[in-house]
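Per-entry structural report
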Amino acid sequence: RDFARGDTESYDDRVDVNAVVSQSLRILANPISKSTWTLRQELAADLPPVRGNVVRLQQAVIHLVQNACEALPVPESAV
């Protein structure tokens, strides 16, 4: 939801990076499934929150995953 609402311009929020990654992968579930059959999500245990902007971090993760998916030659390739 935060991603769809746009940037709040606050860069001092406490952000759960694991939640950002999980949510980003859910948003990209369809393109990911078309690009690769072998994606695994491995999150860090007890990762402390970071200061930043959840929307900007989510945009960065989404762009990284999209670029990785576009670079794969076949769905059997790993991300």
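Preceding block: the structure.
In this text the structure is predicted, and so the values were computed from the model without any measurement.

**What to know about the nonpolar core**
One finds Val-15, Val-20, Leu-25, Leu-28, Ile-32, Val-61, Ile-62, Val-65 and Cys-69 forming the largest nonpolar core, which totals nine residues. Elements represented by at least two residues in this core include exactly helix H2 (17-27) and helix H4 (54-71). The biggest single contributor to this core is H4, with four residues. Once you skip the residues sitting within four places of it in the chain, Leu-28 turns out to touch Ile-62, Val-65 and Gln-66.

**A word on the packing of H2 against H4**
Two elements in contact, H2 and H4, have axes whose closest approach is 9 Å; the angle formed by their N-to-C orientations is 50 degrees. The orientation of H2 relative to H4 falls into the category oblique. As for how H2 packs across H4, the hand of that crossing is right-handed. Contacts between H2 and H4 involve Val-20, Val-21, Gln-23, Ser-24, Leu-25 and Ile-27 from the first element and Val-54, Leu-57, Gln-58, Val-61, Ile-62 and Val-65 from the second. For the contact of H2 with H4, a count of residues per class yields nine nonpolar, three polar and no charged.

About the criteria used
Residues numbered from 1 in each chain as written. Predicted model: local features only at pLDDT ≥ 70, side-chain atom pairs only at ≥ 80, totals over all residues. Heavy atoms only, no water. Core = buried A, V, L, I, M, F, W, Y, C linked by side-chain atoms within 4.5 Å. Buried < 20%, exposed > 50% of the residue type's maximum accessible area, 1.4 Å probe, protein only. Helix = DSSP H or I, 4+ residues; strand = E, 2+ residues; numbered from the N terminus. Contact = heavy atoms within 4.5 Å. Axes fitted to C-alpha atoms, helices over the stretch in contact; angles between N-to-C directions. Parallel < 35°, antiparallel > 145°, perpendicular 65-115°, else oblique. Left-handed = near helix turned anticlockwise from the far one by under 90°. Nonpolar A, V, L, I, M, F, W, Y, C, P; charged D, E, K, R; others polar.

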